[in-house]
Amino acid sequence: MTFSTKSAQDRGTVYYYRNLLNARDVKGKVKNAYRPHKMLYYSILDAVCLLFFLDELEIDVDSEIPLPSNFSNLTDDEKIQWLNEVCSRILRKYFFDESSDLFEQLRDIAGNPDHPENYWVQNFEDGRIRCHFCPKTYAYVGSLKAHESSVHNVTVGKQSQLSKKTDDDADQLQDYIFMLFKLVMLHKNLDSAVDMGDGERSVRSAKYELPIYNKTNKTKYSIGSIHLTALTSGLLPAGQEERLIANRFINLQGGRNNNIALDEFVEMLNRDSKVACSGHQTADSIVQHSKEYPHIINIAKHYDIVSGIKGKKGFHHLPSYRQDVKSIRKDLLELHVLEHTPKRSLHCRDLHSERNPFNNAYQGLSTMIYRHRPMFPFRRLRDPHI
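Note that the coordinates shown come from a computational prediction; the quantities given were computed from them, not determined experimentally.

Check the secondary structure of the protein chain and you find 14 helices and five strands. Considered along the principal axes of its C-alpha atoms, the protein chain spans approximately 75 × 70 × 45 Å. Across the 386 residues of the protein chain, 35% fall into the buried class. Here the contacts in the protein chain between residues at least 6 apart in sequence split such that 65% fall between residues at least 24 apart. Roughly 24700 Å² of accessible area belongs to the protein chain as shown, and the carbon and sulfur atoms make up 53% of that amount. Taken together, the 52 basic and 49 acidic charged side chains of the protein chain have centroids lying 8 Å from each other.

Given below as structure tokens:
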């Protein structure tokens, strides 16, 4: 939604800052370079947060922060409380858009059985779907659509999407920055929950991600979010539900905030296993490779010592994250992204420029949930009746 290689000429976009910072490791698919992409997005997020912070306190970059008069006499908890109050005002203003409801469309769909999105699931009874005009019932939505179209001459179209702003007052760059801020904040929330081993926050995050997966046609991720939400919302017994929420992470390094998600760890093991067991394999060779696998891991961890490699020499320096954030913040200040500029548009048509990323994210979501929600614990097959 926010990254396109065609947006190099659009100042303020992610790909523009990728070129500005010369982040050459941000290339190819995200799954092949996840951490470089993440660091680029976090650099932009920190720069945007600095911009919001300066605007909230009404100060310039070089001005001193107007702290309370007795700030030095406050306790550590009171100082943190003051900072949290400033952050909460920023979130209410820029993340929740003050009075607007971020999930207004979802609440309309969930609270109204007669909503067009609920048309195909509102007559779901005893594992079958009843026709709206006759007593016939069907096991599949497609069969019901064909029946109502051919017999009753009824065709229910998709809900019309909200078109992109084309009026004279539209500011696509500002809307893009605000949408980018919301999406990366949601990712940051999940990322910090994984680091801290906070299972409840990680599971709760799936509810925010589901509409985005549905909007961008990421079907497998949508099904995974539906399964996780269903399992932790009463489908499992209390003990199993608690274990599922708590045991979602693994700590390979030790220490605080060094957890990684179990599914990511499994992907790492799968990748290493495929490297070690490439080509045609038999049952005997697989057993042999499985015995060699622990030794391969040990060699990979101590390769420098085994090979006698000494410390690195040279004048190569890693890029400074602090300087990257400063460069992005400086560019955003020059663009005046917090000032509404009418008719300011993006040349790249592949980027979304909606201020609320959850707009138009619920089309077909009701049918998707009914179709893939598990009826039994840990049943990975879809419900054949929907």
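Moving on, we get to the packing of aromatic side chains. Summed over all chains, the structure comprises 14 aromatic pairs. With a centroid separation of 5.0 Å and an interplanar angle of 85°, the aromatic rings of Phe-52 and Phe-181 are classed as edge-to-face. Note that Phe-52 is positioned in helix α2 (residues 34-57) and Phe-181 in helix α6 (residues 172-196), a separation of 129 residues in sequence. A cation over a ring is seen here: Lys-188 above Tyr-42, with NZ or CZ 4.2 Å from the ring centre. Above the ring of Tyr-370, the side-chain terminus of Arg-373 is found at 4.4 Å from the ring centroid.

What the three strands build is an open sheet, ordered β1-β2-β3; its pairing is antiparallel. On the outer flanks of this sheet lie β1 (124-125) and β3 (137-138), each paired with one strand and no other. In this sheet, β3 lies alongside strand β2 (residues 128-130) in antiparallel orientation, the contact comprising two bridges. Following the sheet pairing, Arg-130 is matched in β3 by Thr-137.

Bringing the confidence of the model for the protein chain into the picture now. Residues at a pLDDT of 70 or more form 92% of the protein chain, whose mean pLDDT is 86. The lowest-confidence element of the protein chain is helix α12 (residues 303-307), averaging 76 in pLDDT; the highest-confidence one is helix α1 (residues 14-20), averaging 95.

Turning to the nonpolar core, a few remarks are in order. Core analysis: the largest hydrophobic core is formed by 53 residues, its most contacted members being Tyr-176, Ile-177 and Leu-332. Contributing elements (two or more residues each) for this core: α1, α2, α3 (76-95), α6, α7 (199-215), α13 (321-335) and α14 (365-372). Of all the elements, α2 adds the most residues to this core, at 12 residues. For Leu-332, the residues in contact, after removing those within four places along its chain, are Tyr-17, Ala-47, Val-48, Leu-51, Ile-177 and Val-337. Core analysis: the second largest hydrophobic core is formed by eight residues, Ile-129, Cys-131, Cys-134 and Val-141 among them.

Attention now goes to the side chain of Arg-344. The residue Arg-344 is located in the loop between α13 and α14 in this model. You can call Arg-344 buried: its relative accessible area is 16%. Not counting residues up to four positions away in its chain, the partners in contact with Arg-344 are Ala-170, Asp-171, Gln-172, Leu-173, Gln-174, Leu-335, His-336, Val-337 and Glu-339.

Contact geometry of α3 with α6 gives a least axis separation of 10 Å together with a crossing angle of 125°. Here α3 lies oblique to α6, going by the angle between them. Contacts between α3 and α6 involve Leu-91, Tyr-94 and Phe-95 on the former and, on the latter, Phe-178, Phe-181, Lys-182, Met-185 and Leu-186. Its residues placed into classes, the contact of α3 with α6 shows seven nonpolar, no polar and one charged.

Proximity of charged atoms lets side chains of opposite charge pair with each other. If you walk through the whole model with that rule in mind, you get 12 salt bridges. For Asp-97, the salt bridge is made with Lys-182, and the minimal N-O distance between the two is 2.7 Å. Within this pair, whereas Asp-97 is found in the loop between α3 and α4 (104-111), its partner Lys-182 is found in helix α6, the two being separated by 85 residues in sequence. Judged by relative accessible area, Lys-182 falls into the buried class, the value being 1%. One salt-bridge network, held together by shared partners, links Arg-11, Asp-331 and Glu-334.

Calculation notes
- Along each chain, the written sequence defines residue order, and numbers are assigned to residues from 1.
- In keeping with the model being predicted, local features are shown solely for residues with a pLDDT of at least 70 and side-chain atom pairs are shown and tallied solely at 80 or more, while totals for entire chains, interfaces and linings include all residues.
- To obtain the side-chain values, all non-hydrogen atoms of the structure were included, while hydrogens and water were left out.
- Secondary structure is summarised from DSSP: a helix means a run of H or I of at least four residues, a strand means a run of E of at least two, and numbering begins at the N terminus for each.
- Burial classification: accessible surface area is computed with a 1.4 Å probe over protein chains only, and a residue below 20% of its type maximum counts as buried, one above 50% as exposed, and the rest as partly exposed.
- Every residue pair with non-hydrogen atoms within 4.5 Å of one another is taken to be in contact.
- Per-residue and other accessible areas follow the Shrake-Rupley method at a 1.4 Å probe size, with only the shown protein chains counted as cover for residues.
- Charged residues are defined narrowly, with Lys and Arg counted positive, Asp and Glu counted negative, and His plus the chain ends left uncounted.
- Charged side chains are reduced to one point each, which is NZ for Lys, CZ for Arg, CG for Asp and CD for Glu.
- Any pair of Phe, Tyr and Trp rings, taking the six-membered ring for Trp, is counted once the centres come within 6.5 Å. Such a pair is stacked with planes under 30 degrees apart, edge-to-face with planes over 60 apart, and tilted for the rest.
- Placement of a charge over a ring requires the Lys NZ or Arg CZ to be within 6 Å of the ring centre, with the centre-to-atom vector within 35 degrees of the ring normal.
- Strand pairing requires that DSSP identify at least two bridges connecting the strands.
- Per-residue confidence from the predictor is reported as pLDDT, which spans 0 to 100.
- Each nonpolar core is a collection of buried residues, namely Ala, Val, Leu, Ile, Met, Phe, Trp, Tyr and Cys, held together in the definition by side-chain atoms within 4.5 Å.
- Note on method: axes are straight lines fitted to C-alpha atoms, helices fitted across the in-contact stretch only, with angles between N-to-C directions ranging 0 to 180 degrees.
- Oblique is the label for any angle not under 35 degrees, not over 145, and not in the 65 to 115 range, which are roughly parallel, roughly antiparallel and roughly perpendicular in turn.
- For this classification, Asp, Glu, Lys and Arg are treated as charged, while Ala, Val, Leu, Ile, Met, Phe, Trp, Tyr, Cys and Pro are nonpolar and the rest, including Gly, are polar.
- Basic side-chain nitrogens of Lys or Arg form a salt bridge, by our definition, when they fall within 4 Å of a carboxyl oxygen of Asp or Glu.

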